[in-house]
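Close look at the chain arrangement
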Amino acid sequence: MKLSTKGRYAVMAMVDLARHAQVKPVSLSDIATRQEISLSYLEQLFARLRRAGLVKSVRGPGGGYRLARGSADTRVSEIILAVDEPISATRCTEMGATGCRADRSKCLTHDLWEELGNQIHLFLNSVTLLDVLERKLAPRLIEAPQVANSDTMAAAS
């Protein structure tokens, strides 16, 4: 699975907004400069974020954007979904009528990739903007179980 720049830049911009919008609204040009993102691209992303209810625009001198909710209440998964970034690891379009293969059946590894997409969504849904700002991501990462392979088992014998 590859997260496109749309989702990545939206999250970067929202984290920047969360960091700088405590005192006054933040202009998109300030975010664009700090994050090295095209202003026109940010305008497109923020239109979607505003429609999704994640940001509020403030008009007039000193205007800009604010978070619609607190950084502790804004989840990374919401941001990615708001900019139409699918959280999917399968190559299928929509599994209802169309499978991965030309004959419209599921590929052998479809369930594996679908579950990976589900796990990614669960992880991103567990992370808030505040978590990213405070760098509190490590506790969410679960260590993979150790799998014994034939070399390890032979050495143990």
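Residues numbered from 1 in each chain as written. Predicted model: local features only at pLDDT ≥ 70, side-chain atom pairs only at ≥ 80, totals over all residues. Heavy atoms only, no water.

A closer look at the packing of helix H1 (residues 5-20) against helix H3 (residues 39-51)
Look at H1 against H3: their axes get within 10 Å of each other, and the N-to-C directions meet at 80°. Classed by the angle they form, the pair H1 and H3 counts as roughly perpendicular. Taken together, the residues of H3 that come into contact with H1 (itself represented by Thr5, Lys6, Tyr9, Ala10, Ala13, Met14 and Leu17) are Tyr41, Leu42, Leu45, Phe46, Arg48 and Leu49. Per-class residue counts for the contact of H1 with H3 are 10 nonpolar, one polar and two charged. (Axes fitted to C-alpha atoms, helices over the stretch in contact; angles between N-to-C directions. Helix = DSSP H or I, 4+ residues; strand = E, 2+ residues; numbered from the N terminus. Parallel < 35°, antiparallel > 145°, perpendicular 65-115°, else oblique. Contact = heavy atoms within 4.5 Å. Nonpolar A, V, L, I, M, F, W, Y, C, P; charged D, E, K, R; others polar.)

Considering the pattern of salt bridges
Considering all chains together, one arrives at four salt bridges under this definition. Here Arg69 ties to Glu78 by a salt bridge, and the two come within 2.6 Å at their closest N and O atoms. Residue Arg69 is classed as partly exposed on the basis of its relative accessible area of 31%. Residues Asp111 and Lys106 are paired through a salt bridge, measuring 3.2 Å at the closest nitrogen-oxygen approach. For Asp111, a relative accessible area of 48% translates into the label partly exposed. (Salt bridge = Lys/Arg side-chain N within 4 Å of Asp/Glu carboxyl O. Buried < 20%, exposed > 50% of the residue type's maximum accessible area, 1.4 Å probe, protein only.)

With respect to a nonpolar patch on the surface
A cluster of nonpolar side chains, contributed by Leu112, Trp113 and Leu116, occupies part of the molecular surface with about 280 Å² of accessible area. As for its position among the elements, Trp113 is in helix H5 (residues 110-126). Overall, Trp113 belongs to the partly exposed group, its relative accessible area being 37%. (Patch = residues over 30% accessible without salt bridge, like charges linked within 9 Å, V, L, I, M, F, W, Y side chains within 5 Å. Areas by Shrake-Rupley, 256 points an atom, 1.4 Å probe, with all protein chains shown as cover.)

What to know about the environment of Leu45
Among the secondary structure elements, Leu45 is positioned in helix H3. Given a relative accessible area of 2%, Leu45 falls into the buried group. Linking Leu45 and Ala10, residues 35 residues apart in sequence, is a C-alpha distance of 6.4 Å. Those residues in contact with Leu45 that lie beyond four places of it in its chain are Lys6, Tyr9, Ala10 and Val83.

Some thoughts on unusual backbone geometry
Positioned with a positive phi, Glu36 is a non-glycine residue whose angle comes to about 55°. For Glu36, the position within the fold is in the loop between helix H2 (28-35) and H3. We note that Arg135 has phi near 55°; this positive angle belongs to a residue other than glycine. Tracing the backbone through its elements, the reader meets Arg135 in the loop between helix H6 (129-133) and helix H7 (150-156). Of the residues examined, Arg135 reaches a relative accessible area of 72% and is grouped as exposed.

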